[in-house]
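Structural features, examined
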Amino acid sequence: MSFLGFGGSQRSSAEKIAAAETELEMVTDMFNRLSNSCTKKCIPTDYKEGELNKGESVCLDRCVSKFFEINIKVSEQMQNMQQQASRGSGGMGFGFGQ
C-alpha cells in the first residue's frame, strides 16, 4: 500500500470509501467487544455510585490493557500464518506453539 496514495496502484474513490467503511466497522466492533467485556468484568450490576471507585477504575485500566495486548498478539500470529501460507509452507497447520 502506498503512503498517501503516491506511487503504487491508484484505487478508485469507491474502493477507498469501501475500505474506510470496513475499517470503521472493524474499529467499532472492537470497541464494542472491549466495552462489553471490561464492563461485565469490572463494573458490578448493582452499583450505587455515579462515579467509578478506585478498584473499578484499576480493573478497567488493566482489562483494556490486556485486551489490546492480546489483540496485538493475535494479529501478529495471524500475519505470521498468512506469510507462511503465502510461501507455500502452510498446509493446514496454523503455526501455534512453534
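Residues numbered from 1 in each chain as written. Predicted model: local features only at pLDDT ≥ 70, side-chain atom pairs only at ≥ 80, totals over all residues. Heavy atoms only, no water.

What follows is about the overall build of the protein. Helix and strand counts for the protein come out as 2 helices and 0 strands. Relative to all contacts within the protein whose residues are 6 or more apart in sequence, the contacts with residues 24 or more apart total 28%. Summed over its atoms, the accessible surface of the protein is roughly 8500 Å², and 57% of this surface lies on carbon and sulfur atoms. (Helix = DSSP H or I, 4+ residues; strand = E, 2+ residues; numbered from the N terminus. Contact = heavy atoms within 4.5 Å. Areas by Shrake-Rupley, 256 points an atom, 1.4 Å probe, with all protein chains shown as cover.)

The end-to-end C-alpha separation of helix H1 (residues 13–42) is 43 Å, in line with the 44 Å expected for 30 residues at 1.5 Å each. Among the residues making up H1, those that are buried are Leu34, Cys38 and Cys42. Contacts from the buried residues of H1 go to helix H2 (54–86). (Expected span 1.5 Å × (residues − 1). Buried < 20%, exposed > 50% of the residue type's maximum accessible area, 1.4 Å probe, protein only.)

What follows concerns H2. Relative to the 48 Å expected for 33 residues at 1.5 Å per residue, H2 spans 48 Å between its end C-alpha atoms, a close match to the ideal helical length. Buried within H2 are the following residues: Glu56, Cys63, Phe67 and Met81. Contact partners of the buried residues in H2: H1. Measuring from the backbone nitrogen of Gly55 back to the side-chain oxygen at the start of H2 gives 3.1 Å, which picks out Asn53 as the cap. One or two positions beyond H2, positive phi appears at Gly88, with a value near 90°. (Polar contact = N/O pair within 3.5 Å; in protein donor to acceptor, adjacent residues only side chain to side chain.)

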